[in-house]
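Understanding the architecture of this molecule
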Amino acid sequence: MFMSILGKSFSRRKGKIAIAIIAVIMGAAIPSAMFTVSLDISEKVSYEFRKYGANLILVPKSDTIQVGFPGVEFGAVTEQNMINESDLWKIKTISWRNNVLGFAPSLYQVVKSGEGTNEQRMVLVGTYFNKEVEILKPYSPDDKKIFKTGIKSISPWWEIDGDWIEDPNDNTGSLVGINVAQKLGLKLGNTFTIRYSEVPDDTANETEYVLRVLGIINTDGYEDNQIIVNLQVAQNLTNRPNEVHTVQVSALCNACPVDVFAAEIEEKIPNIDAKTVKQLVSAEMSVLNKVEDMMMLVTVVALLASALGVSTTMTTSVIERQKEIGLMKSIGAENKRIASLFMTEAGLVGLVGGLLGYGIGLLLAQIVGISVFDSTVSPRLSVLPLVLAISIGMTLLASSLPVRRAMKIEPVIVLRGE
Amino acid sequence: MGNGIIVTKNLSKIYGETKALQKANITIQRGDWTSIIGPSGSGKTTLLNMISCLDTATSGSVIVNGTNVSSLNQVKLTRFRRDNIGLIFQQYHLIPYLTALENVMMAQYYHSIVVEQDAREALENVGMGHRFDHIPSHLSGGEQQRVCIARALINDPKILLADEPTGNLDQKNGKIVLDLIKRLNDEGHTVVLVTHNPDISKKGNRIIELVDGKVTKVNVKNS
Ligand SMILES: Nc1ncnc2c1ncn2[C@@H]1O[C@H](COP(=O)(O)OP(=O)(O)OP(=O)(O)O)[C@@H](O)[C@H]1O
Ligand SMILES: [Mg+2]
């Protein structure tokens, strides 16, 4: 009987119910998007954080030269500095040197490969594999003179199909990211040609270089779009001897005084900034926090607007059905039965609106993810119950006033009205 | 006398300036058909609403079936009404989107449990067995009033209160409804019927006349 009263009163007022549902959708979509984005992005960030073997990144200090007159800035020119490869051994001379498990430099260059329409651009990265670094002035006489390091100690978690580059003097071996291999149709053992010109797209002055695929890497990160070779290969190809762009340093210890590490390295090697990965991640996190704050604000506003919408529709519904409510009371319906009828109605509106709002929120989350974080956002089912709780709770709350009004209806008065 | 099924003592209802009912002392006997007659505005509906526990008195008391209803709170009043009183309205007051059968079942639902078979029998009992699935707007006035009576009867109340039950009906349909009420009275239901039509009032074996909120006359027909 309850269902029949509910069902029929619903189908009779499709328009009003639709308006109420739309109001709930508006209120539910925003929190749905917010929770999805913040869950997904923070998980991605923390994944990146975890997967970083390195906890320090060394980058050259960039001299920014202000252009313009005093007080009037036209802009800034950043001079691209490099780190000297010959300084890297100094990392092993800090007082915390025994905690430095390894380091690996990176020298980046965009190169081309493939012919005609199949031409692809990708990043060539030169780094260390099994590199023996000579420690020229050891911190103490007991320290080893030779330190063996390479990318493998920084990123041991890389999934490699095939082999790592084992020989530090291998001038043709390469690790190819899975996306690169797919685009160029490369298999293990294949050789392929990369082209490089100092001025981009200067085809007349291109240098060609032949590489061999030793391994295909799959990291779910940037590496999937890169070709990784021994550092000297990249240096020779681009004619930048002794230069590297960045250095990843893995310093493992419990409760790392990683800031102290950074300061010491900065002292030993001139003109570099040692950034802790935590700093890098926290930049991303602070963007996330700002976006979350903003979305929280929008959520509150959206929920208020939506509650207002629901409340108005429910009030109209109660007024329209005054006579019916009065009659139900006169034939024996207690207030709580009337309330439960309206609350169930509200709950259903909240449920349907919440479900649809969740869906629309996922779309919103994509838009926010792509435009703010350059990252697609995967749907999170765990957000659904939260969104439903919010939307149903909001609907019930918004309906409580109209329902109280329904409970106050006096049958004598409405039944008298002709 | 004295131990009637409905007894009012100095019952008054005042709306602001209007004394809708003044110190009414009425006794209605079990099994009687009592007609309440009087001109428009004389307080007939007011009196009936207080007997049916829809409204509370300004002063005085109403005792229905031994219970002083003036002392009951809202929830208890509702329960008392649905157990003891069947209401028949001039405007029928059926739920427009429910079928005849569902309208009757709704009264079962709010009383206790829904037994569809009983609801069907109640409609058959008022000659509406062929109209179970019609919604009110597809029924004639007389038919709607019979659905209303079936609904009033479904929980087996001892008292039937009817306010101008034939007020919106033509003579033929009015007769059907009055005959039906007569039959229910013969079957043992106590009937209180409000009307301003002297002919209809004569169907009762007791007539109470109201003028300006005061009981002016009580006629008892010898049966
Ligand atoms: N809610 C109310 N507020 C103010 N005055 C009211 C209210 N209800 C009834 N009255 C007044 O009380 C008096 C009695 O009204 P009541 O409805 O009982 O008359 P009635 O005898 O049923 O009339 P009718 O034959 O027209 O139905 C009238 O003067 C009416 O205007
Ligand atoms: Mg009246």
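Before reading on, note that the structure itself is shown above.
What you see is a predicted model, and the numbers here were worked out from it, not measured in a lab.

Details of the overall build of chain B
Helices and strands together make up the secondary structure of chain B, namely 7 helices and 10 strands. Put simply, chain B has 223 residues, and 56% of those count as buried. Total accessible area on chain B stands at roughly 9,600 Å², and carbon and sulfur atoms take up 47% of it.

Quick word on the pairing of strand β6 (residues 120-127) of chain A
All names here are of chain A. For β6, the buried fraction is high: 6 of the 8 residues fall into the buried class. Sheet topology places strand β5 (residues 100-113) next to β6; 7 bridges connect them, and they run antiparallel. Note on β6: the bridge partner recorded for L107 is G126. Turn length for the β5-β6 hairpin, with the two strands adjacent in sequence and antiparallel, is 6 residues, and the turn residue G114 shows positive phi of about 85°. Here β6 runs beside strand β13 (residues 226-230); their pairing, made up of 5 bridges, is parallel. Bridged to V125 within β13 is I228.

So, the interface of chain A and chain B
Contacts between chain A and chain B engage 26 residues on the former and 27 residues on the latter. Each partner contributes to the roughly 2,500 Å² buried at the junction of chain A and chain B, and carbon and sulfur atoms together form 61% of this total. Of all residues in chain A, M1, I331 and R337 of chain A bury the most surface against chain B, accounting for 25% of the area lost on that side. Summed over the shared surface of chain A and chain B, the number is 3 salt bridges. The partner of R79 of chain B in a salt bridge is E334 of chain A, with the nearest N and O atoms 3.1 Å apart. Taken together, the links from chain A to chain B amount to 11 residue pairs in polar contact (both at pLDDT 80 or more). Looking at the side of chain A that touches chain B, the elements with two or more residues in it are α1 (2-12), α8 (322-330), α9 (335-373) and α11 (411-416) of chain A.

Overview of helix α6 (residues 258-268) of chain A
Residues and elements named next belong to chain A. Of the positions making up α6, those classed as buried are V258, F261, A262, E264 and I265. Along the axis of α6, the buried residues cluster in a sector spanning 165°; they form a single face. Away from its buried face, by an angle of more than 90 degrees, α6 presents the exposed residues D259 and E267. Looking at the packing, one finds that the buried side of α6 touches β1 (56-60), β5, β15 (246-251) and β16 (272-276).

Structural notes on the site of ligand 1
Residues in close proximity to ligand 1 include R416 of chain A together with Y15, T18, A20, P39, S40, G41, S42, G43, K44, T45 and T46 of chain B, which together make up its full environment. In the model, an oxygen atom of ligand 1 is placed 2.5 Å from a nitrogen or oxygen of the S40 of chain B side chain. Separating an oxygen atom of ligand 1 from a backbone N or O atom of G41 of chain B is a distance of 2.8 Å. A total of 630 Å² of accessible area belongs to ligand 1 in isolation, and the protein chains cover 64% of it. When contributions to the shell around ligand 1 are tallied by element, the ones reaching two or more residues are β2 (18-28) and α1 (44-51) of chain B. Looking at the shell around ligand 1 element by element, the count peaks at 3 residues for α1 of chain B.

Some points on the environment of I83 of chain A
Residue and element names in this part refer to chain A. Take I83: it is sitting in strand β4 (residues 83-84). With 22 residues separating them in the primary sequence, I83 and P105 have C-alpha atoms 9.2 Å apart. Those residues in contact with I83 that sit more than four places away from it in its chain are L58, V59, P60, L88, N242, E243, V244, H245, T246, V247 and I272.

What counts and what doesn't
- Residues numbered from 1 in each chain as written.
- Chains lettered and ligands numbered in written order.
- Predicted model: local features only at pLDDT ≥ 70, side-chain atom pairs only at ≥ 80, totals over all residues.
- Heavy atoms only, no water.
- Helix = DSSP H or I, 4+ residues; strand = E, 2+ residues; numbered from the N terminus.
- Buried < 20%, exposed > 50% of the residue type's maximum accessible area, 1.4 Å probe, protein only.
- Areas by Shrake-Rupley, 256 points an atom, 1.4 Å probe, with all protein chains shown as cover.
- Pairing = 2+ DSSP bridges.
- Contact = heavy atoms within 4.5 Å.
- Buried area = accessible area lost by both parts, 1.4 Å probe.
- Salt bridge = Lys/Arg side-chain N within 4 Å of Asp/Glu carboxyl O.
- Polar contact = N/O pair within 3.5 Å; in protein donor to acceptor, adjacent residues only side chain to side chain.
- Arc of directions from axis to C-beta.
- Near = heavy atom within 4 Å.

Treat this as a map of the structure, not an account of what it does.
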